[in-house]
Structures are given as structure tokens and as C-alpha cells.
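Observations on the three-dimensional arrangement
Now for the letters of each chain:
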Number of protein chains: 4
Amino acid sequence: MLNIGIIGAGRIGKVHLESISYHVKNAKVVAVADPFMNDETRAFIEGFGVEKIYSDYKKIIDDSEIDAVLVCSSTDTHADISIEAINAGKHVFCEKPVDHSVAKIQEVAKALEAHPKTKFQVGFNRRFDHNFAAIRKAYDNGAIGEAHILKITSRDPEPPNPAYIKVSGGIFLDMTIHDFDMACFLTNSDVEEIYVNSAVLVDPAIGDQGDVDTAIITMKMSNGALAVIDNSRRAAYGYDQRAELFGSKGMVATSNDTLSSAVISNENGVTAEKPLFFFLERYMESFSEEMRQFVDACENDKDVAVGIHAGIQSVKIGLAAKKSVEEHRPVLLSEIQ
Amino acid sequence: MLNIGIIGAGRIGKVHLESISYHVKNAKVVAVADPFMNDETRAFIEGFGVEKIYSDYKKIIDDSEIDAVLVCSSTDTHADISIEAINAGKHVFCEKPVDHSVAKIQEVAKALEAHPKTKFQVGFNRRFDHNFAAIRKAYDNGAIGEAHILKITSRDPEPPNPAYIKVSGGIFLDMTIHDFDMACFLTNSDVEEIYVNSAVLVDPAIGDQGDVDTAIITMKMSNGALAVIDNSRRAAYGYDQRAELFGSKGMVATSNDTLSSAVISNENGVTAEKPLFFFLERYMESFSEEMRQFVDACENDKDVAVGIHAGIQSVKIGLAAKKSVEEHRPVLLSEIQ
Amino acid sequence: MLNIGIIGAGRIGKVHLESISYHVKNAKVVAVADPFMNDETRAFIEGFGVEKIYSDYKKIIDDSEIDAVLVCSSTDTHADISIEAINAGKHVFCEKPVDHSVAKIQEVAKALEAHPKTKFQVGFNRRFDHNFAAIRKAYDNGAIGEAHILKITSRDPEPPNPAYIKVSGGIFLDMTIHDFDMACFLTNSDVEEIYVNSAVLVDPAIGDQGDVDTAIITMKMSNGALAVIDNSRRAAYGYDQRAELFGSKGMVATSNDTLSSAVISNENGVTAEKPLFFFLERYMESFSEEMRQFVDACENDKDVAVGIHAGIQSVKIGLAAKKSVEEHRPVLLSEIQ
Amino acid sequence: MLNIGIIGAGRIGKVHLESISYHVKNAKVVAVADPFMNDETRAFIEGFGVEKIYSDYKKIIDDSEIDAVLVCSSTDTHADISIEAINAGKHVFCEKPVDHSVAKIQEVAKALEAHPKTKFQVGFNRRFDHNFAAIRKAYDNGAIGEAHILKITSRDPEPPNPAYIKVSGGIFLDMTIHDFDMACFLTNSDVEEIYVNSAVLVDPAIGDQGDVDTAIITMKMSNGALAVIDNSRRAAYGYDQRAELFGSKGMVATSNDTLSSAVISNENGVTAEKPLFFFLERYMESFSEEMRQFVDACENDKDVAVGIHAGIQSVKIGLAAKKSVEEHRPVLLSEIQ
């Protein structure tokens, strides 16, 4: 049984609490800390039988009963808390991005080198999604031969509020970072070069924050494949999450998930359901699966599915994307330190 | 918190134990009884923290801590155990069919009349399936107008073993009974008349047991709609569970669920996944949802979603189907007492 | 070059004139006759370079330049004109049904026996449709093994006017006759027994004519397969023409054709196009293909694709269907003489 | 009746000859010229009743009976022959590309300015395809709001032979030029800037010719939309021709056409047909429709559907794409003169 402490009781912290309680065997959340702990949150946490509820995360770091820590706090604290937890001998699951600065993430990497037995997993939950996993499986099986073209469509149903945009690190580190990790995962490869074609088409307020809301991003992967991601902050029909991998022997593609397969035919046409609304609906099962695998890695000393390399690469790609927009040119990943 | 005792620890009893433990709030399995309790089963049950594990179901009936009983024993014991539990003041969830004899089910109905506060739900889990529920919702919303034609396709991936066929009550009471209940649920109506066109095409051994393995069943519903069910005991591509409801203003139809939406295009064609293998894979979520609603009905004194009427009707339809085969003619439901 | 005379310049006669002129090689329409020939029709026919335009079809029968005759007149004249044409040494393509009376069709069969070199094809155009042909091809290839269950969905977008209903011979000889022929074609088998479950749900005026507008028809085929057809005279979403053949090794199924594959996703859902409106839109290419094959059979002394046996069987099945409704019981085809 | 002369009796010239003969009203091919006229080609042409068959195209230019000329000769002769035909007072339909040099196409434009009544249509047949036309129609109808992201997938089933690659002008002027025209057509806009990410992944022999065989091309359109095309010279599953247009109110997307809608379900999965093999199968109907509209424009003095502007733009975009590859940077269309 893995005893887990969750640091940060915001939306994603609550998701993990519920996942572990209901869907993960051999693990138990024994403590939750959040600096803004309030009565409602406390009641929610207690509902899962958690007894240790704190404002100060250090109580979790110092708790010898706790084997593993989930870092679900604000992004700027991810790296420091991770390092503290690693140094306290705990396994760490850290939400994405590990940090907006590559140097900072490399400090985490250094802490890990000093603790070779410690497990550190980054929260790229989409790797555990049934659809994306099926693409990778088909690729690994040789069903499509060598990878030539990867296409990822990733569009949110609605933009975050402007206040969040400001602290988000921009679309590439906030939203596309998942797609960057998917590009690496689906092609089993790293990014070598990136070029971004972007615009503000959804909401001028996003442009006022110095960000973009629509983008087509093309990349060269280190295995020779070409990749393209298209992003929008607002798809009128909901959360659009598709991918296709085209190779020398064929193609594997996935479509959106829906609440049911019901199709209504009437005088207006033949109408299927919209995609599941947003990530909490669409990726809920993947949050459970990433926890199951993290717990399994900790309990059975296995390699984690998403390690620090993925944490560093995804942020480097995001920074290269920003640089491509700023300098209006293709940018090599090797330019980002 | 509803304290539940499960009677019968076979496949479906275990499903409910796991569902309640992981997916149902406000309920707890406190006891499980099975006359053939063995070490493996006992270990499985203990894994969910259940402390009271018995061979004799009467210990559950007599346990005043227990609020509700799940009757998951062999079909021939369903009615008697249900009546005992009802008379002991417990809510009852009874697996389908309640019995092979209508008279016996009506004894349960009588016991319920004497306990008007008692909840009694029959295990027609498909009513809680996301796809079938979406059909009914579209119908209730008026999206397809008045019901004209209902079509249900229900094919198993493989036949049960011949030994089971013998005690199953035949395909209509064992397999089609779910589809009969679906026909009533999806059209929100009862069956008035039935005609069966059947054959032994899958396995002569099934015919040797006096049963059929392939059937097309047409019915007149009490609201005027026509309905058809087609059954096979063996679909080479897996569990085929589809329905469509056609009405004056349009049609709503559902297709099979798959593990992922991945489609592989290669020189052989464009290939999607097979349907989920069988009912444990396909309907797992519906088993949780039927429990949630049963618990909600018990805890909050609401009407159950599938009551004794459905239990009686489904068996009557099954018996009428058998009579139609035997007498090679359309049979009115009113002929079945 | 096959010289063709068309008898009957109604809707289907015009379709064949256009098909042959534009889409069929080695054939030429040289004459058209219609008792109700008017200026508009004459102009239409002249537009295809046809010089011989008559009111009296006998001028076509007597024209030694003409090799083959298309009988597109009213149903009650099909058999007599066919016999005249056969006796005059011409190949005959006869629209469906050959007649409403089996005895009458057998007179045509007798005339054909006396002219063994004469080609006689019945206008069951759906056999030449790309979708239905693909089902039969998959079956012939062994892709689905032995046939177990055939399902045909056949729904018109709107009922004919009541006046037509009266002379149509009823839904089974007018509309379902195509589906009966499909059942035989797709299973490569004859019908042995039929049972009809029917109702008047679309329009009471149809019931007033003694006809039904909604039906579920189940059949036993001579190869052991079970079959079901569902019919409606009015599908709100248009012409619904689907089939699936389920067998020991798998299933082959077809869906409706649309004008384009465009799918619009917006806040209301994910909407594809309605099926092509009605038979002229849906089956136009099959009308060309049936003519190509008829011309090929005539020119190269090959067997026709749809012979007099299909003409007789389809009407027998239709009459058995009527008898099943009247006598409310399953009817053997052998009861129909 | 429009009398047409076809210059060039290669594959596409023959397609037009057959289209006009069978599928286009009010037009007649009266002459065909080809410098490599042989017996087989001559027999093919005579089969359509064409009497004037020449080696020298000038006989068509000089023939006062001829109203319109189809320029289907080799690309390097398109512009000169077009100008001769325009100056001889004939309407011109010119295959794509009009020329590899923008200056040369502008000479054609100049000739047209001197003949304002003359119709000049460029052979971008995909504009007349049912699927792509449906996207544009949805966009024009406002169904998807303002255009944000256009995605075109265009993959050939097999690469041309290396000898052809050499004279083709490269992938962008040979293959992608259709997609460039589609990008303009579907967004009803011009291209402002282009960036190409490309590779040789299909066949090193293509690289040896200085060409690429795989590409992801992103563009900024003059209406603000972003666009992306992905190309491959070899898709193992056949000709892949899809597009989707995403906008402020929704998305419209099309999929590939197949020979039939048949889907086979068996133990290997659920398999639909591959896309129609290549452009002759996939776009045959669009070749007829472009001719119908060209004939209609000539006969009724209407604007052509694809004018000289499209001819110039598509080549400019192709040249900008080449420049982007050579200089490894985004290229403005305004850089191309």
C-alpha cells in the first residue's frame, strides 16, 4: 500500500484524490495540503476519509508515513516542492509543466540523480488515454511502418479567462505543452526543429496579453518524421482531441469520444453527439491510469511512464515555439538551453 | 450509508461487490454469502474489506445491520430469497430473471404489496447503459416523434457451454430476456403479441438441448409500434449490441462500443476495432449505474428504475416466445398467465 | 449495336432512355411508344436523337430494325406486351413486377421456353447497386461464411398518393417487392416461409385503401438463413436503404449514400448529410448498370442477371405476405400457386 | 452547341473527350490534335464520332467551326497554345499549371485583356468535386462562421516515375498546386505567406532529382485564416483526399470516397473499403462538372468558375513553396513576381 500526500487541492488535486480513492488499488491518500484550504475543500477531502488536512505542505514533506507526493500546486512552486520531496526520500508525481524554466527543471533532474531509487513522474496524462495509447501501440506493432507524418488536432471548447492567460506562460507552455508531449510520445522521438504560424482570431483580449489563440505548429522529429499540431482556444462544438500517424505502411487515426454513440436522423440531417466537453470529461480515465502506473512504478520499482526527460523536452519545445513566433523563423531545439 | 449484503458470489455477485466498493457512494457491502464459498472467493471478498463472509445466506437475512440485499444466487432461488428478504424488512435488488415462472414472480409481487416502503429492483442493467439511455432520452424528448419501428440487434460472441444451456431456461429466458426488457424500455410500452422465427445455425449441440441459437423475433407493442429483435449465440466479431428506434419524425440509433476510436488504414482497408468482447467489458459502467440508482432509491425513498412489473413482463414475453416457437404462430401476451 | 425500342415513356422509361443514351455503349434507342404521348414528352425523346416516336406500341413490336424492347408501361400490360415482343423475336427487359398474377407471369415463362435464344430481364435494378453488390460479393467470397441472418431496412421518404395506392397492388407488390428480390439476391436463395407484422402508422388514408404503411417481415430462406425486412412509407430523414448479412464468420453491412461526405460540427452536434432523397437519386447508377448488363447479355448471348425466376418468386413472396397479413399466420411459399 | 477542339490526346485529353461525349449537354468534340497521334489513340477518338483527327494542333486553331479549345498538351506548351487560341477568337480551357513561369502566365492574361469576351478556364477540377464544393458551400452559408484553420490532406497512392519527377517542376508545381488552389477556393482567399517543412521519406530516388516527397506546408491567408497542407507521394491505403475548415462557429470536414459503403466485421476487426484509388477514379465526376460549367460559361457568356487569377496564384504559391524549402524560412507571396 502506497501512502500518498497531495500538495495542492485545486481542480487537479481533487481529481487525483478521487481517482486514487475509487480507481487505484494499493494506494491511499493520507494527507492533503493547500495554503488556501477552506471549509468546502476540507469537507470534500474528508469525504474520502483523509484525516491529515493541512495548510502547510511542509507537514507532508516531513511526514515519514508518506511514501509519495503529488505536486499539484501552482506551476511556479512545482520544481522547489519536488526537490524538497525528493530530498525527503519521497517518490514524486509532478503536474505539468514542471517549470517554465529549463534551468529550474534541470535542478529537479540533479536532485533525482542523487536519489536513483526515487520515482519521478510528470503529469502528461494523455499518454494514458485509450485513443492515443492505441496509436502508439499500432506504431510499436509495426502496423503503419516508419513514421512520416504526425497530425494532432487540439482545440479547447473555450479560452481561459484573461487573468489566467497572463500567468499561464502563454498558449505553448499552457495548452500546447500537452500536444508537444504527445508528438514525442506518438512518434517515440524528440523534436529537432519547430516553426509556428499563429494568430489572434478567437479573442483580441488574448492578443492584448501578448499571447495568441490559434496556431499551426510544424516540427521535424529526430526520427525524420514531420509533425503538425493545430490549436484553437475555442471550438464551437467542444473539446477537439484527435491525432493521426501516417507511415510507410499505413495510417492510424483516432476521433473524439462522445457520451454515447446515439445518432439522430431527421429532416435536418444525421447528427451524432458533440465531443465530451473538456479535459475533465474527456480524460478522466487517463487520470486514473496515470496514477495506477505511478503507484505500480513506486510499489514495484519499475521505470515511470513519463520521466524528467519528457518534462524538460516539453518545456524546451514550448520555449522554442515562443521564439519562433517572436523571431518569425524556424527554431532548432538545440538553440534552447 | 446503505449497508448491503450480497447473496451469491458468482460472477455477477463479484461485479456488484466491486462496483459498489469503487463506484457507488453512500453504500457499503458488509456481508457476502455463498453456499460454495471457497478460499479464492473469500480472499477476493476480503480484498474489499468485507468482514462477514458466510456460506449460509440466512445469516444475511437475519442481520439487522443490513439494509439491502442483492440476490445474485442461482435463478431458481431468486424468488424465495427475495421474499424472505422482503419479509425481513430489507430492500432487494434481484438479478434477472426473477424466476422462470410467472406465478412465482407474482408471489414476490404479493410480498411487496405487504411492504409498500420496500424497494425492489430487477437487474436489467442495460437500462442504465449510456447508449440505450440516449435512445430513450431522444424518444422522451420528442426528437423522433411517435414510435413506429424498434430494432434491436443482440448477438453474443460465443455460446454458453451445453451444460448451461440445459438449465438456462432456453435462449428467450436467458439471453433475449434482456432484449425483451429493452424493447419495453426503449418504446416505453408493453408487448402485446410476439412471433418468433428461429433456427439452430451456430451449433447442433444447442439444438440437441431443445433450444435454438439464432432468432428473429417480431412484436407488436401496446403503443402501436412494431419491434424486432435479432439474436445469435455467436458473432465472429464479438458482442453486437445495437438498437434503433424509428418514429414519425426521425430515427435514433446506437452502434457498438470499442476500446478505442483508433482506425488503421492500410493496403487491406480501413479497419476499426471490434466491439468490446462481452457483457462484462461492454456493460461494466451500467452495473455501477444501476447500483447507484438502487442505492439512491433506497436511501431517498424514490421509485426504483426497474420494478417488479418489468420482472414479470420480461418473463411473460420469454414464455410467449417459447410458445410461438412450439406452436409456430403469433402468440398474444394475454395468453400467458 | 443493339437497337432498342422503349414501350412506355413515363418516369422509368425516360430514365432508361437517358441511361442508354449517355451511359451504355453498344446500344441505341431507336423508337419510343406511349399511348399518352404529348408534346413535352416528344420533345424530351427527340432531344436524345430518337426518330421513331409512336402512340401505338405495336409499331415497335413490328419493327424489324429493333432488337430489344423495354417494357415500361403500366403493370397490367407488362406480361401481354412481353409475350408479344418475345413472339416477335425480340429480347425483352420488363419492369417489375412482371404482373400481379403468378399465372400470368408463367405465361411469359412459357413464351420464353418457346424462344430459348431470347433474353428476358426483370427490372430489379438494386441488384446492380454498388452497395448491395458489395454485400453479395463478400458473401460469395466467403468473407462472412454461411448466411445466418439477413436484415434489410427499406423506408421511403414519402408515401405515394392515395390514388396510386389503390392500383399499386399494395405495399408488398409495389414497394417491398424490391426488398423481396434483394433477400433472394443477397442470400443467393429462395424464400420458404414468411410472416408479416404490419400496421398503419404513417397515414390513415393508406389504411382506408386496405393497405398498410409500416411492416416488419420475417422469412425463412431455403438455405436455412433467417431474414427480416422493415418497411415504412415515410422516413422523415429521407430514403433509407440499408442491408446487413450476418454469417458464421462475420457480417457485411452497408449504409446510405449521401451527396457528399461533408460533416458539420457545431454547438448542435456533429451532422452528416441525409441520405439521397429517393430512388431516382439513390439508384441512378444502378439503372445504367442494369442496362449495360442487359445489352451485354443480348449482344453476347450471355445469361441475364435477373431472369424470369426472380420475376415469379418476387410476386409469389408478395402474395404470401398479403396472405400472412390477412390470415395472421406464417405462410409457406408453397401455398402460393 | 459548343464545338470543341482538344489539343493533346494524353490521359487527361481522353478524359475530357469521354466526359464531353457522355456527360455534357450542348457541347461536341469535333477535332482532336496530338503530335504523337498513333493508331490506338486514333481508334479511341473515332469511337466518339470525332472526324477531325490531327497531328498538328494549328489545324484546330485555324478551324473556324471550332468555338472552344481544350489545351491538354505538355505544360511547357500551355501558355503559347492558349495565346494562339485566344488570338484566334476561341474560348480556352487550359490544364494546370498554365505554366511554371509567372511571367509566361501573365502573357496569357494580357492576351485575355485584349479579348474581353473570351472565356479562359484553368483545369482545377477539384473545385467541382462534391466534397470540396460542400465545404465551400457550408462556409458561404455561414455555417462555420469566420475561417480560422484550414487543413488539407493530400496524399497520392504512388509516386510518379523518376523520369516524370525531373520534368514535373517539383512536387509543389505538380502535385501540391491542386492543394494550393483548394486552399484559396475553400477559404475564398489568397495566400500571403508560406512555410514548408519537407523531407524525402518515400523514395531516395525522388531526393536524387532534387525534389521532396513528404511535406507539411503552412500558410497565412489574406483573410487572416491559417492553413496547412500535408502531402505524401505514397499512401499505402490509396489516394487520401480530405479537408476540414474550422471557424468561429464550427467546422466542416470531408472524408474519402469509396466504391461502396460495405463494412465487413469479422475476427480481425471492422473493415471499410480503401479510398478510391487515384484521381481518375476519385475525381471523374468533377472532370464532367468542370466541363459542364465551362460550356455553360462559353454558351451563356457567364464568368468562368476558375479564371486566370487562380492560374497565376497557384503557380506563385508553388514557387514560394520552393523558395521556402531552398531558403529554409517563411516566404511572402509578394516576394514572387
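Residues numbered from 1 in each chain as written. Chains lettered and ligands numbered in written order. Predicted model: local features only at pLDDT ≥ 70, side-chain atom pairs only at ≥ 80, totals over all residues. Heavy atoms only, no water.

Moving on: the overall build of chain A. The secondary structure content of chain A amounts to 13 helices and 15 strands. In terms of C-alpha radius of gyration, chain A reaches 20 Å, essentially the compact-globule figure of 20 Å for 337 residues. Taking the principal axes of the C-alpha coordinates as reference, chain A spans close to 55 × 55 × 45 Å. Across chain A, the fraction of contacts at a sequence separation of at least 24, relative to all contacts at a separation of at least 6, is 71%. As displayed, chain A has an accessible area near 12,500 Å², and 49% of this comes from carbon and sulfur atoms. Here chain A carries 34 positive and 50 negative side-chain charges, and the mean point of each set is 2 Å from the other. (Helix = DSSP H or I, 4+ residues; strand = E, 2+ residues; numbered from the N terminus. Rg over C-alpha atoms; globule rule 2.2 N^0.38 Å. Contact = heavy atoms within 4.5 Å. Areas by Shrake-Rupley, 256 points an atom, 1.4 Å probe, with all protein chains shown as cover. Lys, Arg positive; Asp, Glu negative; His and termini not counted. Charge placed at Lys NZ, Arg CZ, Asp CG, Glu CD.)

This next bit is on the relation of the copies chain A and chain B. When chain A is fitted to chain B, the residual RMSD is 0.0 Å, and the transformation amounts to a turn of 180° plus an axial shift of 0.0 Å. The symmetry that links the two subunits is that of a two-fold axis. Judged by C-alpha distance, Y22(A) is the residue of chain A that lies nearest the rotation axis, at 2.4 Å. Same-surface contact between copies: 100% of interface residues of chain A are shared with the interface of chain B. (Least-squares fit on C-alpha atoms with pLDDT ≥ 70 in both.)

Before going further, it helps to spend a moment on the sheet that holds strand β2 (residues 27-33) of chain D. Residue and element names in this part refer to chain D. The six strands are arranged β3-β2-β1-β4-β5-β6 in an open sheet whose pairing can be described as parallel. Strands with a single pairing partner mark the edges of an open sheet, and in this sheet they are β3 (52-54) and β6 (120-122). Pairwise comparison of adjacent strand axes, ignoring direction, gives a mean angle of 20° for this sheet. Across four bridges, the pairing between strand β4 (residues 68-71) and strand β5 (residues 91-94) is parallel. Bridge assignment links L70 to a residue of β5, and that residue is F93. (Pairing = 2+ DSSP bridges. Axes fitted to C-alpha atoms, helices over the stretch in contact; angles between N-to-C directions.)

On to the pairing of strand β10 (residues 226-232) of chain B. Residue and element names in this part refer to chain B. Summarising burial for β10: seven of the seven residues are buried, a large majority. Neither face of β10 is open: one carries L226, V228, D230 and S232, the other A227, I229 and N231, and all of them are buried. Where strand β7 (residues 147-155) meets β10, seven bridges bridge the pair, whose relative direction is parallel. Bridging across to β10, L150 finds its partner in A227. When strand β9 (residues 214-221) meets β10, the two strands line up antiparallel, connected through seven bridges. Among the inter-strand pairings, I216 is bridged to a residue of β10, identified as D230. With antiparallel pairing between neighbouring strands as the criterion, β9 and β10 make up a hairpin whose turn holds four residues, including G224 at a positive phi of roughly 95°. (Buried < 20%, exposed > 50% of the residue type's maximum accessible area, 1.4 Å probe, protein only.)

Counting residues at the interface gives 40 residues for chain A, matched by 40 residues for chain D. Between chain A and chain D lies a buried interface of about 3,100 Å² when both sides are counted; carbon and sulfur atoms form 61% of it. Run the count over chain A and chain D and you get six salt bridges. Of the charged contacts, one joins E244(D) and R155(A) as a salt bridge, the two residues approaching to 2.9 Å between their closest N and O atoms. Viewed at the interface, chain D and chain A are joined by 18 residue pairs in polar contact (both at pLDDT 80 or more). Contributions of two or more residues to the side of chain A that touches chain D are made by β7 (147-155), β8 (191-199), β9 (214-221), β10 (226-232), β11 (240-247) and β12 (250-254) of chain A. Taken together, the residues of the side of chain A that touches chain D break down into 17 nonpolar, 12 polar and 11 charged. (Buried area = accessible area lost by both parts, 1.4 Å probe. Salt bridge = Lys/Arg side-chain N within 4 Å of Asp/Glu carboxyl O. Polar contact = N/O pair within 3.5 Å; in protein donor to acceptor, adjacent residues only side chain to side chain. Nonpolar A, V, L, I, M, F, W, Y, C, P; charged D, E, K, R; others polar.)

Another point: the relation of the copies chain A and chain D. Overlaying chain A with chain D gives an RMSD of 0.0 Å, the required rotation being 180° about an axis along which the chain moves by 0.0 Å. With an isologous cut-off of 70% or more, the 100% of interface residues of chain A that recur at the interface of chain D puts this contact in the isologous class.

Turning next to unusual backbone geometry. Residue and element names in this part refer to chain A. The residue after K96, namely P97, is reached through a cis peptide bond having omega -15°. Phi is positive for N26, close to 65°, though the residue is something other than glycine. With respect to the element layout, N26 can be found in the loop between α1 (11-23) and β2 (27-33). Owing to a relative accessible area of 49%, N26 belongs among the partly exposed residues under this scheme.

All names here are of chain B. Put simply, helix α5 (residues 102-113) and helix α13 (residues 308-327) touch, their axes get as near as 10 Å, and they point 170° apart. The orientation of α5 relative to α13 falls into the category roughly antiparallel. Residues V102, I105, Q106, V108, A109 and L112 of α5 lie in contact with α13, whose contacting residues are I308, G311, I312, V315, K316 and L319. Of the residues assigned to the contact of α5 with α13, the class counts are nine nonpolar, two polar and one charged. (Parallel < 35°, antiparallel > 145°, perpendicular 65-115°, else oblique.)

One pass over the structure, following the stated rule, counts 38 aromatic pairs over all chains. Plain terms: the ring middles of F132(A) and Y283(A) are 6.4 Å apart, the flat faces sit at 25° to each other, and that makes the pair stacked. Of this pair, F132(A) sits in helix α6 (residues 130-140) while Y283(A) sits in the loop between α11 (279-282) and α12 (284-300), placing them 151 residues apart in sequence. Taking the relative accessible area as the measure of exposure, F132(A) reaches 2% and is therefore buried. Residue classification places Y283(A) among the buried positions, given a relative accessible area of 1%. For the pair Y22(B) and F48(B), a centre-to-centre distance of 5.9 Å together with 70° between the ring planes defines the contact as edge-to-face. Here Y22(B) is found in helix α1 (residues 11-23), whereas its partner F48(B) is found in the loop between α2 (39-46) and β3 (52-54), with 26 residues between them in sequence. Here Y22(B) matches F48(B) in class, with each residue buried. Three or more aromatic residues joined by ring pairs form one cluster here, namely F132(A), Y239(A), F277(A), F278(A), F279(A) and Y283(A). (Phe/Tyr/Trp six-rings, centres within 6.5 Å; stacked < 30°, edge-to-face > 60°.)

It is worth spelling out α13(B) at this point. When the terminal C-alpha atoms of α13(B) are compared, their 28 Å separation across 20 residues agrees well with the 28 Å that a helix rising 1.5 Å per residue should span. Downstream of α13(B) by a residue or two, H328(B) has a phi angle that is positive, lying close to 50°. (Expected span 1.5 Å × (residues − 1).)

Residues and elements named next belong to chain B. The parallel open sheet is built from six strands, whose spatial order is β3-β2-β1-β4-β5-β6. Edge positions in the open sheet fall to β3 and β6 (120-122), since each of these has one partner strand only. Adjacent strand axes in the sheet meet at a mean angle of 20° when their direction is disregarded. Pairing analysis gives six bridges linking strand β1 (residues 2-7) to strand β2 (residues 27-33), with the strands arranged parallel. Residue I6 lies in a different strand from β2, and its bridge partner there is V32. Where helix α12 (residues 284-300) meets the sheet, it contacts β1, β2, β4 (68-71), β5 (91-94) and β6, and its direction lies at approximately 160° from that of β5.

Shape is all these values report; function is a separate question.
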